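# Structural characterization, general
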Amino acid sequence: MSKLKIKFATLLLLFGFAFGMATDVTSSLTNQETTTTAQAATKLSASQKKQITKINSGLSKKQKAAKKWIAFRESRYSYKARNGNCYGRYQLLKSYLHGDLSAVNQEKTANKYVKDRYKTWTKAKSFWQHHHWY
């Protein structure tokens, strides 16, 4: 009986070690993805930044904050984020982007989508908070 307990304890120890190693690998991969996402979000040309500023110039501070809040939850601010048939910073359906995946087009399209569906970014945020999508 004692040998059985030792074998069982050894098996549990090995399993625990293997699981711990898998968890470490998974978390390091997740950290790499987060770093890559943050870097991808900042790689815009001066021209793109200027166009995006112009696109969002009509939004109030409150609307911009709600838009930023959604962008963080949808993609961690990445214009290259992917999830099935959704793409970009605001996880829009690719069909909405009409083949133009640029950051500028994503900003324009997101504003149009929110205006048509929710009227404001704050209402879109409220919907997101209740449904975890918008």
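The coordinates are above.
Note that the structure is a prediction, hence the values are computed from the model and not measured.

### Let's talk about the nonpolar core
One finds Tyr90, Leu92, Val114, Trp121 and Tyr134 to be the most contacted residues of the largest nonpolar core, which totals 17 residues. Elements that contribute at least two residues to this core include exactly helix H3 (61–75), helix H5 (103–117) and helix H6 (121–131). For this core, the element with the highest residue contribution is H3, accounting for four residues. In contact with tryptophan 121, other than residues within four places in its own chain, are Leu59, Gln63, Ala66, Lys67, Ile70, Tyr90, Ala110, Asn111, Val114 and Tyr134. One finds Ile52, Tyr79, Ala103 and Val104 within the second-largest nonpolar core, a separate group that totals five residues.

### As for the packing of H5 against H6
Two elements in contact, H5 and H6, have axes separated by 9 Å at closest approach and are oriented at 80°. The orientation of H5 relative to H6 falls into the category roughly perpendicular. Residues Ala110, Asn111, Val114 and Arg117 of H5 form the contact with H6, whose own contacting residues are Trp121, Ala124 and Phe127. Of the residues assigned to the contact of H5 with H6, the class counts are five nonpolar, one polar and one charged.

### What about the side chain of glutamine 106?
Mapped onto the fold, glutamine 106 is located in helix H5. Engagement of the side chain of glutamine 106 in a polar contact is seen with the backbone oxygen of leucine 101, the distance being 2.7 Å.

### Looking at the packing of aromatic side chains
Within this structure, the stated rule accounts for 10 aromatic pairs. Here the aromatic rings of tryptophan 69 and tryptophan 128 are separated by 5.1 Å at their centres, their planes lie at 90°, and the arrangement is edge-to-face. A residue pair is termed long-range when its members are at least 10 positions apart, and tryptophan 69 in helix H3 and tryptophan 128 in helix H6 qualify at 59 residues. With respect to class, tryptophan 69 is no different from tryptophan 128; both count as buried. Arranged with centres 6.3 Å apart and planes meeting at 40°, the rings of tryptophan 121 and tyrosine 134 form a pair that is tilted. Highlighted residues: tryptophan 121 in helix H6 and tyrosine 134 in the segment after H6, separated in sequence by 13 residues. Since its relative accessible area comes to 8%, tyrosine 134 is described here as buried. Among the aromatic residues, those joined into a ring-pair cluster are Tyr90, Tyr96, Tyr113, Tyr118, Trp121, Phe127, Trp133 and Tyr134.

Calculation notes
- Within every chain, residues take consecutive numbers counted from 1 along the sequence as written.
- It should be noted that, the model being predicted, local features are given only for residues of pLDDT at least 70 and side-chain atom pairs only at 80 or more, the latter also being counted only at that level, while totals for whole chains, interfaces and linings use all residues.
- Each side-chain value is derived from all of the structure's non-hydrogen atoms; neither hydrogens nor water enter the calculation.
- By convention a nonpolar core is built from buried Ala, Val, Leu, Ile, Met, Phe, Trp, Tyr and Cys residues, the set being connected through side-chain atoms within 4.5 Å.
- Partly exposed describes any residue whose relative accessible area lies between the buried limit of under 20% and the exposed limit of over 50%, with all areas from a 1.4 Å probe on protein chains only and scaled to the type maximum.
- Runs of E in the DSSP output that reach at least two residues are strands. Runs of H or I that reach at least four are helices, and both are numbered from the N terminus.
- When checking whether two residues touch, look at their non-hydrogen atoms; a contact exists if any pair is within 4.5 Å.
- A fitted line through C-alpha atoms serves as each axis, taken over the contacting stretch for helices, and the angle formed by two N-to-C directions is quoted from 0 to 180°.
- Roughly parallel means an angle under 35 degrees; roughly antiparallel means over 145; roughly perpendicular covers 65 to 115; every other angle is labelled oblique.
- Polarity classes work like this: nonpolar for Ala, Val, Leu, Ile, Met, Phe, Trp, Tyr, Cys and Pro, charged for Asp, Glu, Lys and Arg, and polar for all others, with Gly in that last group.
- Two N or O atoms count as a polar contact when they lie within 3.5 Å, although within protein this holds only if one can serve as hydrogen donor and the other as acceptor, and sequence-adjacent residues are included solely when both atoms are side-chain atoms.
- Any Phe, Tyr or Trp ring, taking Trp's six-membered ring, that has another such ring centre within 6.5 Å forms a pair; planes under 30 degrees apart are called stacked, those over 60 apart edge-to-face, and the others tilted.

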